[in-house]
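Analysis of the macromolecular model
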Amino acid sequence: MRGGSVAVVGGSIAGCAFARAAARGGAERVTVLERSPGRLEDRGVGLCVVLDRYAELVRAGHLDDGIRHHPLTERHWVAADPGGAHGPRGRVLWVQPMTMNSFHWGVLWQGLRERAPDGVEFRAGTTVTAVGGGGTADGDRGNGNGSDDVGSGGGRDDRQAWVETADGREPYDLVVGADGHRSVVRAAVCPDARPEYAGYVCWRGSFDARLLDRLPGGGARWPAHEVITACYPGGQVVLYRIPGLTPGTTLVNWVFYASAPAWLRPVDDTSADPDGIPAGSLDPARLDELAELADRHLPPYWAEVVNLTPVGRILLQPIHDLATPRRTAGRLLLAGDAATLVRPHNTSGAAKALQDACAFEAAWRTADGWDDLLPGYDRERGAVGRALVDLGRRLGRAQVTGAPDWTAIDEAGMADWWREQLAGTGGFGGLSLDRPPNSTPPGAR
Ligand SMILES: Cc1cc2nc3c(=O)[nH]c(=O)nc-3n(C[C@H](O)[C@H](O)[C@H](O)COP(=O)(O)OP(=O)(O)OC[C@H]3O[C@@H](n4cnc5c(N)ncnc54)[C@H](O)[C@@H]3O)c2cc1C
């Protein structure tokens, strides 16, 4: 199939990848509408892609090996040991071989953004307020003001989609919702699907790795290839290094899962669902609570690592998930976190978004028309998304809300515990592009 116009709502990981996929597939016009003004690099948090998924995406041309990343080869599961016999890094529960590449979100985004073909138009600072063209049973009314005409100049065309911004409505052949967690496009594709709060939050932070030298034993106490998971009753902290925004620099990145503080406000008056707090907006008094949590629960070295983080580099994010019942409707299509929101324990969000783009491009290349393209993408990626959401819930229960007694578990017990979590899924880090969700996975790593 060639030609056609595509609007991509959201210009983050999924948005950049879909813009590129649509342009490479042969779309005549691709426009990315992103509500944030300017560039997005300063969303300074880390993420990882497991090596198998990474290699697959590089082979498929959806990830460039030239994008700076940091190799991680071991996951050390540790816990506090009150007697201190095991030293400041705590008691080692298990050293798990695990090969992944870590990224700075901004570096990954820059890499994807720069690789978008020249003809792709990026409109920063453009908020999409409504979309239509879903062709839903209750009328193709979009999620805006309820009127059904398409565009301002043209007559009604059921075969088109539209986006609405402050400049009015614009018609497109296809609208891709790559607009994340609280997607406007999702509200039109499946109005009843809402992210579900997992019942806990994560604090996240990052800082220049050179600051580690201020600690007793310095940065040398923590070899750069190690991911640390420091476990405590009711949560865990995952710590690893990522490349800095400036070439040649390295950051420490951590994610601290914990129950929600009582003071966290709900998203709106009608919801018990807590809202996140961006970096730079947390009251320093609240951060004392985080320091206290770290000091109380973590081995001393890891508590000190968390407490080294500058105040302005800490944010708080409630954990949610959502598996949408469908990811296409009419001429609307969902991608990345707008389509499926997976708890971060899977380490699969970015890989999943890039795989969505990969599947979309492959479907585009073989499709005879739109009616052929959308159902195939929906079937394939919908099943993958649901499998990952299930796994994320299982990992969240095993590692946070129903974690074992860390004082009573040994290395063999840890390996069994991990295998049980993955049994029947094989989806840690995301499912292989070549393997459907219900096939037998390789052994747990
Ligand atoms: C704590 C945590 C840790 C994580 N760790 C990992 C990890 O290790 N590995 C991994 O692979 N993934 C991880 N993830 C998940 C990963 O970050 C996401 O899955 C990935 O970034 C895909 O994002 P996206 O592009 O779909 O959505 P987003 O990054 O949320 O982007 C949505 C974009 O849409 C824009 N937008 C929203 N609404 C509108 C609108 N109405 N109009 C215009 N623009 C709009 C937003 O400004 C934004 O730029 C983690 C997530 C969390 C919360």
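All values derive from a computational prediction rather than experimental measurement.

1. Considerations on the nonpolar core
What tends to happen in soluble globular proteins is that the nonpolar side chains get buried as a cluster. With 48 residues, the main nonpolar core has Val6, Leu108, Phe360, Trp364 and Leu373 as its most contacted residues. At nine residues, helix α8 (residues 349-366) tops the list of elements feeding residues into this core. Structurally, this core is a two-domain feature, drawing no fewer than three residues from each of domain 1 (5-43 + 110-195 + 321-399) and domain 2 (53-103 + 198-320). Not counting residues within four places of it along the chain, the set of residues in contact with Trp364 comprises Met1, Gly3, Val6, Ala22, Gly25, Gly26, Ala27, Trp370 and Leu373. Judged by nonpolar contacts, the second largest core, of 35 residues, contains Val201, Trp203, Trp222 and Leu282.

2. Some thoughts on the domain arrangement of the protein
Structurally, the protein comprises domain 1 (5-43 + 110-195 + 321-399) and domain 2 (53-103 + 198-320). Between domain 1 and domain 2, the C-alpha centre-to-centre distance is 30 Å. Taken together, the contact pairs 26 residues of domain 1 with 24 residues of domain 2. In this assembly, domain 1 packs against domain 2 so that about 1900 Å² is buried in total across both faces, 56% of it on carbon and sulfur atoms. In this structure, the connection of domain 1 to domain 2 is made through one salt bridge. Across the contact surface, domain 1 and domain 2 share eight residue pairs in polar contact (both at pLDDT 80 or more). Of all the elements in the fold, those that place two or more residues in the side of domain 1 that touches domain 2 are α1 (13-25), α3 (105-114), α8 and α9 (370-401). The greatest single-element share of the side of domain 1 that touches domain 2, amounting to six residues, is contributed by α8.

3. A short note on the packing of aromatic side chains
Considering all chains together, one arrives at 16 aromatic pairs under this definition. Taking the centre distance of 5.1 Å and the plane angle of 90 degrees together, the rings of Trp222 and Trp302 count as edge-to-face. Highlighted residues: Trp222 in the loop between β11 (196-208) and β12 (226-232) and Trp302 in helix α6 (residues 300-307), separated in sequence by 80 residues. Each member of the pair, Trp222 as well as Trp302, is classed as buried. Residues Trp406 and Trp417 carry aromatic rings whose centres are separated by 5.4 Å and whose planes lie at 85 degrees to one another, so their mutual orientation is edge-to-face. Residue Trp406 is found in the loop between α9 and α10 (411-422), and its partner Trp417 is found in helix α10; the two are separated by 11 residues along the sequence. Here Trp406 and Trp417 have matching classes, each one buried.

4. Focus on the pattern of salt bridges
For the structure on display, the rule yields 18 salt bridges. Across the pair Glu361 and Arg24 runs a salt bridge whose closest N-O atoms are separated by 3.1 Å. With a gap of 337 residues between them, Glu361 in helix α8 and Arg24 in helix α1 connect regions that are remote in the sequence. The shortest N-O distance in the salt bridge between Asp356 and Arg327 comes to 3.2 Å. With Asp356 in helix α8 and Arg327 in the loop between β15 (314-323) and β16 (328-329), the pair connects residues that are 29 residues apart, well separated along the chain. The class of Arg327 is buried, set by a relative accessible area of 2%. Residues joined in a network through salt bridges with shared partners are Glu196, Asp321, Arg343 and Arg393.

5. Brief notes about empty space enclosed by the protein
Scanning the model with the defined rule gives two cavities of 30 Å³ or more in all. Considering only enclosed or pocket space, the largest cavity measures out at about 50 Å³ in volume. Surrounding the largest cavity, Ala323, Thr324, Arg326, Arg327, Ala339, Thr340, Asp378, Arg381, Gly382, Gly385 and Arg386 form its lining. Broken down by element, the residue count for the lining of the largest cavity peaks at five residues, all from α9. A class-by-class count of the residues in the lining of the largest cavity yields two nonpolar, four polar and five charged. Roughly 30 Å³ of volume is contained in the second largest cavity. Cys16, Ala17, Arg20, His62 and Leu112 together form the lining of the second largest cavity. If one sorts the elements of the lining of the second largest cavity by residue count, α1 sits on top with three residues. In terms of residue class, the lining of the second largest cavity is made up of three nonpolar, one polar and one charged.

6. Some thoughts on the confidence of the model for the protein
Across the protein, pLDDT averages 89, with 91% of residues at or above 70. Here residues 137-141 is a poorly scored stretch, pLDDT under 50, and it has nine contacts once near neighbours within four places are set aside; other chains count. With pLDDT under 50 throughout, residues 144-157 is counted as low confidence; its partners more than four residues away or in other chains account for 19 contacts.

7. Examining the site of the ligand
For the ligand, the set of nearby residues contains 31 residues, the closest of which are Ser12, Glu34, Cys48, Asp337 and Ala350. One nitrogen or oxygen atom from the main chain of Ala14 is found 2.8 Å from an oxygen atom belonging to the ligand. Looking at the shell around the ligand, the elements that each hand over two or more residues are α1, β2 (29-34), β3 (46-50), β11, α7 (336-339) and α8. With three residues, α8 is the largest single contributor of residues to the shell around the ligand. In terms of residue class, the shell around the ligand is made up of 14 nonpolar, 11 polar and six charged. Each of domain 1 (5-43 + 110-195 + 321-399) and domain 2 (53-103 + 198-320) contributes no fewer than three residues to the shell around the ligand.

8. Comments concerning the pairing of strand β13 (residues 235-243)
Of all the nine residues making up β13, nine are buried; the element is thus mostly covered by neighbouring parts of the structure. The alternating pattern of β13 places Gly235, Val237, Leu239, Arg241 and Pro243 on one face and Gln236, Val238, Tyr240 and Ile242 on the opposite face, and all of these are buried. Two strands pair when backbone bridges link them, and β12 and β13 are joined in this way by five bridges, in the antiparallel orientation. Following the sheet pairing, Thr229 is matched in β13 by Val238. Between β12 and the antiparallel strand that follows it, β13, lie two residues; Gly234 among them carries a positive phi value of about 100 degrees. For β13 and strand β14 (residues 250-258), the ladder comprises eight bridges, and the chain directions are antiparallel. Counterpart to Arg241 in the pairing with β14 is Val252. Hairpin connection between β13 and β14: a loop of six residues separates the two successive antiparallel strands, and Gly248 in this loop has a positive phi of roughly 90 degrees.

Reading the values: rules and limits
Along each chain, residue indices are assigned from 1 in the same order as the chain's sequence is written. Only residues with pLDDT of 70 or above have their local features reported here, since the model is predicted, and side-chain atom pairs are shown and tallied only from 80 upward, although totals for entire chains, interfaces and linings are computed over all residues. As a convention, hydrogens and water are excluded, and side-chain values are obtained from all of the structure's heavy atoms. As used in this record, nonpolar core signifies buried Ala, Val, Leu, Ile, Met, Phe, Trp, Tyr and Cys residues forming a set joined through side-chain atoms within 4.5 Å. A 1.4 Å probe rolled over the protein chains alone gives each residue an accessible area, and that area as a share of the maximum for its type sets the label: buried under 20%, exposed over 50%, partly exposed in between. Secondary structure elements follow DSSP: runs of H or I no shorter than four residues count as helices, runs of E no shorter than two count as strands, and numbering proceeds from the N terminus. Each domain's extent was defined by an automatic or database domain assignment. By definition in these notes, contact holds between two residues if any of their heavy atoms fall within 4.5 Å. Computed with a 1.4 Å rolling probe, the buried area is the accessible surface lost when two parts are put together, summed over both parts. Counted as salt bridges are all cases of a side-chain nitrogen of Lys or Arg within 4 Å of a carboxyl oxygen of Asp or Glu. Distance and chemistry together define a polar contact, namely a pair of N or O atoms within 3.5 Å, with one atom able to donate a hydrogen and the other to accept it when in protein, and with adjacent residues in sequence counting only for side-chain atoms on both sides. Stacked, tilted and edge-to-face are the three classes applied to pairs of Phe, Tyr and Trp rings, where Trp contributes its six-membered ring and a pair requires centres within 6.5 Å; stacked means planes under 30 degrees apart, edge-to-face means over 60, and tilted covers the rest. Site definitions follow a grid-based scheme: protein atoms alone, a 1 Å grid, a 1.4 Å probe that fits but cannot get out for cavities, and for pockets an open set with protein on both sides within 12 Å along at least five of seven lines, plus lining residues having an atom within 4 Å of a point. Grid points are joined across faces, edges and corners, and a volume is the space filled by probe spheres set on the points. Three classes are used, and their members are as follows: Ala, Val, Leu, Ile, Met, Phe, Trp, Tyr, Cys and Pro are nonpolar, Asp, Glu, Lys and Arg are charged, and the others, Gly among them, are polar. Within a predicted model, pLDDT stands for the predictor's per-residue confidence, ranging from 0 to 100. A molecule or strand has a residue near it when one of that residue's heavy atoms lies within 4 Å. Pairing between two strands requires that DSSP report at least two bridges joining them.

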